[in-house]
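# Chain and residue survey
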Amino acid sequence: MASFCKIVKRFYRANKPIKPNTSWPGYRNVLDITNPATLKKVGELQEDTIPDIERKLEYLHTGLKRWKLTHVDQRKAALEKFADALVTRKTTLAKILTSETGKPISQARSEIAATVDRIHYFVENCEKVIGTQTVLESSRLKEKVQYEPLGVIANISAWNYPYFLSANVFAPALLTGNCVLYKPSENASLTGQEITDMLHNAGIPEDVFVISSGGADTGSRIAGNKDIGGLFFTGSYDTGLEIAKKASPNLLQLELGGKDAAYIRHDVPNILATATTVADGAFYNAGQSCCSIRRIYVNKRVYVPFMEALKKISHSYRIGDPTLEDTYIGPLCTKKQVEKIGKLLAEAINRGAQVDVGGDTTNSTAHKVGYFVPPTILTDVDHQMSIMRKETFGPVVGVMCVEDDDEATTLMSDTEYGLTASVFSKHLEDAEAILNELKVGTGYWNCCDRVSPRVPWSGRKRSGVGSTMGIDGLRAFVQPKGFFCHEPMAAI
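All values derive from a computational prediction rather than experimental measurement.

With that out of the way, let us pick up the overall build of the protein chain. Counting its secondary structure elements, the protein chain contains 15 helices and 22 strands. At 24 Å, the protein chain has a C-alpha radius of gyration in line with the 23 Å of a compact globule built from 492 residues. Counting only residues that meet the buried cut, the protein chain has 55% of its 492 residues in that class. Per element, the accessible surface of the protein chain, about 20,800 Å² overall, is 50% carbon and sulfur. Of the side-chain charges in the protein chain, 58 are positive and 56 negative, and the distance between the mean point of each set is 5 Å.

Structure below.
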C-alpha cells in the first residue's frame, strides 16, 4: 500500500498552499502537518494573524446581510448537497483524515458516514427553531417572538472527530442563517480544508463560510474578537478555560472533556458482551474521545470473570498501521499526548497501581516510529491517583472493585467532570436510580460512547456549557426578539 505521504501528495502538492489563506496576506508562523503513524511531514499550515482574522470577519459580515435573508430551502439544499459529497468522496476523505490524525481507516469512514445522518437531521428539523411565533393575539394587541440568527459565529473545532464536531456547529449555524468563521484543529487542517471546499462547491457562498488556519494562538485571536456573535469551542477543559477568558462578553458554548465512568452491576446478564462493549468504549479511536470510558467500577461478585473477559478482549485488538482494514488502534495524534500518558502511568505505578494489560509508551516493544500506546488496563488504583482524576485522552483505563451500588455511585460522582456515565445491569430501573444521582449530561444503560443527532449533547461541571445536537442544539444558534404590536388608538 502506498505510504501516507504518497496518499496525501496526490491531493496536496508541495507547491499548493492550503486555501483560502493565499488571499489573506500577513502570515507570521508556518506549522508542519505530521503523520502521527510515520512521523513524516505531509503538509504545512500558515497561521492567521490578527489582521487576517479581522479581514475575514469583515468579509463574513458582508455576507451575513444577504445570507440571513436567504430562504431556508436554499440553505437546506446546499447542506444536502454537502452531505451527498461526503457520501461520494468518503474513501478519499477517510484517507486524508487517517494521514493527519492516525485514525484507523475503517473508523475514519464510519465517522464520515455518520456525519451524513447528522446533516440530514439538522436539515429536517431546522425550521422548528426559526421564523416567528405568535404567543398572544387579541382584538388590539399581538405578542410575538421572532427568532434571529446570532450573526457571525466562530467554530473552533477539535481533531479527534473533525467531521462530527465541526458539523455539529456549522450545519445548524448555516441552516439558521448565521455565517461561520471555521478554525479546524491544526492537527486536522487538511480535513478542515476539504470541508470548506465541499461546502463552497455545494452552494455555500465564500463570504458565508470562511476557514481560519493555525494553532492555539489563532484560536485565542479569534476568541478575543468582539465582532463575533457567538463562539463555539470543542476541546480540553484547560484550553476551554483560556478561550472563555478571551471570549467574554461573546455568547459562549464549550464542549469539553470528561472522566467518564462505567459501573458493572452484580446482576449483569452477559459478562462477555458487557466486557466487549466496555472495552470498545474505552479503546475505540485509541481512547481519543471526550466520552471514552476512563474509569470502571465492578461489583465484587462479578469482578474476576469480568476482568478475565476485559483483558482477553483488549489483547485481541490489533494496534499498528491505521491504513490497514483490520487495525483497531492507531497512533495517538500528538507526541504531547504520549508524554502526558507516560507521566500519569508512572505516577500511578509509583503509588501502587498494577498494569494488567499494556502500559508501554516507549514504542520499544512493537513500533519503531509513531505515537503508539497499546490498550492499557490498570488495577489497584484509587482516587488519589491522577490517572483516575485527570483527562487522559488515550487508551488507558483504571478498574476498581466495589462492594455495592452505593460505593459505585459515590466513586462515580467523585470527579470534577460530568459528561457521561454508564451502568450495566439486568434492570433499567436499577440503572436509572444510579444515573439520576450523577451530575452528567448523558446516561447510558448497557451501552456507552454513543451520540445521536436526536439527543442533546451537554456536560456538567468541567465538561462544558451549553448543548449541541437535538432541538436544543439547533436552538443554540438563534436568539429571540420579542414584539408587542398594539393597534393605534382611534382619533378623537
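So, on to the domain arrangement of the protein chain. Many structure descriptions define interface size as the accessible area lost when the parts assemble. When cut into domains, the protein chain gives domain 1 (30-257 + 466-479) and domain 2 (261-452). With centres defined by C-alpha atoms, the gap from domain 1 to domain 2 works out at 30 Å. The partner domain 2 presents 28 residues to the 26 residues of domain 1 that form the contact. At the junction of domain 1 and domain 2, the tally comes to one salt bridge. Viewed at the interface, domain 2 and domain 1 are joined by eight residue pairs in polar contact (both at pLDDT 80 or more). Elements represented by at least two residues in the side of domain 1 that touches domain 2 include exactly α4 (90-101) and α5 (105-125). In terms of residue count, α5 provides more of the side of domain 1 that touches domain 2 than any other element does, six residues in total.

On to helix α7 (residues 189-202), then. Over its 14 residues, α7 extends 20 Å from the first C-alpha to the last, a length consistent with the 20 Å expected when each residue adds 1.5 Å. Of all 14 residues in α7, twelve are buried; the element is thus mostly enclosed. Positive phi shows up at G203, right after α7, with a value of about 115°.

This brings us to the packing of helix α10 (residues 271-283) against helix α11 (residues 303-316). Relative to each other, α10 and α11 sit at 50°, their axes nearing to 9 Å. It follows from the interaxial angle that α10 and α11 lie oblique. Our pair here, α10 against α11, has a crossing hand that is right-handed. On the side of α10, the interface is formed by I271, L272, T274, A275, T276, V278, A279 and F283, while α11 contributes P305, F306, A309, L310, I313 and S314. For the contact of α10 with α11, the class distribution of residues is eleven nonpolar, three polar and no charged.

Let us now look at the pairing of strand β6 (residues 179-183). Within β6, five of the five residues are buried, leaving the element largely enclosed by the surrounding structure. Side-chain alternation along β6 places C179, L181 and K183 on one buried face and V180 and Y182 on a second face that is also buried. In the sheet, strand β5 (residues 152-156) pairs with β6 via five bridges, with the strands oriented parallel. Looking at the pairing, I156 lines up with K183 of β6. Each parallel crossover has a hand, and the one from β5 via helix α6 (residues 162-175) to β6 is right-handed.

Using the criterion set out here, one finds three cavities of 30 Å³ or more in the structure. Space inside the largest cavity adds up to approximately 90 Å³. The wall of the largest cavity is formed by 16 residues, among which R295, M412, T415, Y417 and V440 lie closest to the centre. For the lining of the largest cavity, the secondary-structure elements that each account for two or more residues are β10 (260-264), α13 (405-413), β15 (417-418) and β16 (420-424). When the residues that make up the lining of the largest cavity are grouped by side-chain class, the tally is seven nonpolar, four polar and five charged.

Further remarks concern the nonpolar core. In terms of nonpolar packing, the biggest core is built from 130 residues, with F170, L174 and I296 touching the most fellow members. Summarising the domain contributions, this core has at least three residues from each of domain 1 (30-257 + 466-479) and domain 2 (261-452). Excluding anything up to four places from it in sequence, I296 contacts A262, I264, V278, F306, L310, V397, G398, V399 and M400. Listed in part, the five residues of the second largest apolar core include I33, V42, L45 and L190.

On to the sheet that holds strand β7 (residues 209-211), then. Pairing within the open sheet is mixed, and its six strands lie in the order β7-β6-β5-β8-β9-β20. Edge positions in the sheet fall to β7 and β20 (464-465), since each of these pairs with one other strand and no more. In this structure, β5 lies alongside strand β8 (residues 230-234), joined through four bridges in parallel fashion. Residue pairing across strands places I153 opposite G230, the latter belonging to β8. Packed on one face of the sheet, α6 meets β5, β6, β7, β8 and β9 (252-255) and runs near 170° to β5. Helix α8 (residues 216-223) contacts β5, β6 and β8 of the sheet and is inclined by roughly 155° relative to β6.

Turning to the sheet that holds strand β12 (residues 354-357), a few remarks are in order. The strand order across the open sheet formed by seven strands is β12-β13-β14-β11-β10-β16-β17, and the pairing between neighbours is mixed. The strands lining the two open edges of the sheet, one partner per strand, are β12 and β17 (442-445). For this sheet the average axis-to-axis angle between neighbouring strands, irrespective of direction, equals 25°. Two elements, β10 and strand β11 (residues 293-299), share five bridges in a ladder whose sense is parallel. Within the sheet, the bridge partner assigned to Y263 lies in β11 and is Y297. Contacting β10, β16 and β17, helix α14 (residues 428-435) crosses the sheet at an angle of about 150° to β16.

What counts, and where the lines are drawn
Numbering of residues begins from 1 in every chain and follows the order in which that chain's sequence is written. Given that the model is predicted, a residue must reach a pLDDT of at least 70 before its local features are reported, and side-chain atom pairs must reach 80 or more before they are shown or counted; all residues, however, enter totals for whole chains, interfaces and linings. To obtain the side-chain values, all non-hydrogen atoms of the structure were used and water was disregarded. Only runs of H or I of at least four residues qualify as helices and only runs of E of at least two qualify as strands under DSSP, and these elements are numbered from the N terminus. Two things to know: the radius of gyration comes from C-alpha atoms, and the globule rule equals 2.2 Å times the number of residues to the power 0.38. Each residue is assigned to one of three classes by its accessible area relative to the maximum for its type, calculated with a 1.4 Å probe on protein chains only: buried under 20%, partly exposed between the two thresholds, exposed over 50%. Accessible surface area values rest on a Shrake-Rupley calculation with a 1.4 Å probe, where residue burial reflects the displayed protein chains alone. We score Asp and Glu as negative and Lys and Arg as positive, and we do not count His or the chain ends. Think of each charge as sitting on NZ of Lys, CZ of Arg, CG of Asp or CD of Glu. Either an automatic procedure or a domain database provided the assignment from which the domain bounds are taken. Any two residues whose heavy atoms approach within 4.5 Å are treated as being in contact. Salt bridges are defined by distance alone: a side-chain nitrogen of Lys or Arg within 4 Å of a carboxyl oxygen of Asp or Glu. Any N or O atom pair separated by 3.5 Å or less is treated as a polar contact, with the protein-specific requirement of one donor-capable and one acceptor-capable atom, and with residues adjacent in sequence counted only for side-chain atom pairs. Under the convention used throughout, the expected extent of a helix is 1.5 Å for every residue step, that is, one less than its residue count. To get an axis, fit a line to the C-alpha atoms, keeping to the stretch in contact for a helix; angles then go from 0 to 180 degrees between the N-to-C directions. Small angles under 35 degrees read as roughly parallel and large ones over 145 as roughly antiparallel, with 65 to 115 read as roughly perpendicular and the rest as oblique. For a crossing to be left-handed, the near helix must be turned anticlockwise from the far one by less than a right angle; the clockwise case is right-handed. By the convention adopted, Pro, Cys, Tyr, Trp, Phe, Met, Ile, Leu, Val and Ala count as nonpolar, Lys, Arg, Asp and Glu as charged, and the other residues, Gly among them, as polar. When DSSP finds two or more bridges between a pair of strands, those strands are recorded as paired. Here, the term right-handed applies to a crossover whose path from the first strand over the helix to the second runs clockwise when the strands point away from the viewer. Lining residues are defined by having an atom within 4 Å of a point belonging to a cavity or pocket. Those points lie on a 1 Å grid over the protein atoms alone, cavities being sets where a 1.4 Å probe fits but cannot get out and pockets being open sets with protein on both sides within 12 Å along at least five of seven lines. Grid points are joined across faces, edges and corners, and a volume is the space filled by probe spheres set on the points. To qualify as a nonpolar core, a set must consist of buried Ala, Val, Leu, Ile, Met, Phe, Trp, Tyr and Cys residues joined through side-chain atoms within 4.5 Å.

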